[in-house]
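Read off the chains here:
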Amino acid sequence: QVQVVESGGGLVQAGGSLRLSCAVSESASNINGADWYRQAPGKQRELVAGIRSGGSTNYADSVKGRFTISRDNAKSTVYLQMNSLKPEDTAVYYCNVILTYNPRGYWGQGTQVTVSS
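What counts and what doesn't
Residues numbered from 1 in each chain as written. Predicted model: local features only at pLDDT ≥ 70, side-chain atom pairs only at ≥ 80, totals over all residues. Heavy atoms only, no water. Helix = DSSP H or I, 4+ residues; strand = E, 2+ residues; numbered from the N terminus. Polar contact = N/O pair within 3.5 Å; in protein donor to acceptor, adjacent residues only side chain to side chain. Contact = heavy atoms within 4.5 Å. Disulfide = S-S within 2.5 Å. Buried < 20%, exposed > 50% of the residue type's maximum accessible area, 1.4 Å probe, protein only. Core = buried A, V, L, I, M, F, W, Y, C linked by side-chain atoms within 4.5 Å. Phe/Tyr/Trp six-rings, centres within 6.5 Å; stacked < 30°, edge-to-face > 60°. Lys NZ or Arg CZ within 6 Å of the ring centre and 35° of its normal.

(A) A look at the side chain of Thr111. Relative to the assigned elements, Thr111 resides in strand S11 (residues 111-116). Within the structure, Thr111 has its side chain in polar contact with the backbone nitrogen of Gly9 (distance 3.1 Å). Here Thr111 is in contact with Glu6, Ser7, Gly8, Gly9, Leu20, Ala91, Val92 and Tyr93, once residues within four sequence places are set aside.

(B) Focus on the state of the cysteines. Under the defined criterion, the tally for this structure stands at one disulfide. Each disulfide pairs two cysteine sulfurs, and for Cys22 the partner residue is Cys95, the sulfurs being separated by 2.1 Å. Across the S-S bond linking Cys22 and Cys95, the dihedral sits near -80 degrees, which makes this disulfide left-handed. With Cys22 in strand S3 (residues 18-24) and Cys95 in strand S9 (residues 91-99), the pair connects residues that are 73 residues apart, well separated along the chain. Each member of the pair, Cys22 as well as Cys95, carries the same accessibility label: buried.

(C) How the structure looks around the nonpolar core. One finds Trp36, Leu80, Met82, Tyr93 and Val97 to be the most contacted residues of the largest nonpolar core, which totals 30 residues. When residues of this core are traced back to their parent elements, those giving at least two are S3, strand S4 (31-39), strand S5 (46-52), strand S7 (67-72), strand S8 (77-82), S9 and S11. Take this core: its biggest share by element is five residues, from S9.

(D) Up close: the environment of Thr114. Mapped onto the elements, Thr114 comes out in strand S11. C-alpha separation for the pair Thr114 and Asp89, spaced 25 residues apart in sequence, amounts to 7.5 Å. Beyond its immediate sequence surroundings of up to four residues, Thr114 is in contact with Gly10, Leu11, Val12 and Thr90.

(E) Representation of the side chain of Arg38 within the structure. In this fold, Arg38 is placed in strand S4. With a relative accessible area of 5%, Arg38 lands in the buried category. In this structure the side chain of Arg38 is engaged in a polar contact, spanning 2.6 Å, whose partner is the side chain of Glu46. Among the polar contacts made by the side chain of Arg38, one reaches the side chain of Ser62 at a distance of 3.4 Å. With residues up to four places along the chain from it excluded, the contact list for Arg38 reads Gln44, Arg45, Glu46, Val48, Ser62, Val63, Phe67, Glu88, Asp89, Ala91, Val92 and Tyr93.

(F) Spotlight on the packing of aromatic side chains. Under the counting rule described, the total for this entry stands at two aromatic pairs. Both rings, one in Tyr37 and one in Trp107, keep their centres 5.0 Å apart while their planes meet at 55 degrees; by these two values the pair is tilted. With a gap of 70 residues between them, Tyr37 in strand S4 and Trp107 in strand S10 (residues 102-107) connect regions that are remote in the sequence. You can call Trp107 partly exposed: its relative accessible area is 39%. Seen from their ring centres, Tyr94 and Trp107 are 6.4 Å apart, and the 85 degrees between their planes marks the pair as edge-to-face. Of the two residues, Tyr94 sits in strand S9 while Trp107 sits in strand S10, which places them 13 residues apart along the sequence. Feature note: the residues Tyr37, Tyr94 and Trp107 constitute an aromatic cluster, connected by ring pairs. Taking NZ or CZ as reference, Arg45 lies 3.8 Å from the ring centre of Tyr94, over its face. A cation over a ring is seen here: Arg104 above Tyr106, with NZ or CZ 4.2 Å from the ring centre.

Right under this line is the structure:
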C-alpha cells in the first residue's frame, strides 16, 4: 500500500514562508512525478505546482515567482517552498504522486495552510 504523507502546514502572517513536505513510501526510482494541489473552502481543487522525473516543473500563474517545487530522491520526498504568502493562499494543500507502474495517482491526507492578513 502506497502512503503519501504531507506535512509542514500551519498559520503564518502575510509575507511569510512555509515549506511543505510530501513523503512517499516508495523508492524514488518508482516515482514518475508529483503535483501539489490546494483547495480553499467553497472552491474547487486547483493545481499549484508539479515536478516530473526529468526535473521539469510547472506552476500555476498565481504562484509563479513565489513557490518552488523540488524533490529529494534520497528521501523520496517532494517539497513546496512557499514564499511571500498571501491570504488567498489559504487552503488545504494536497500532494498527488504518480508512480511509474501505476499512473492513477496517490493522494495524501492534506495539510492546512492559513495565511493571516
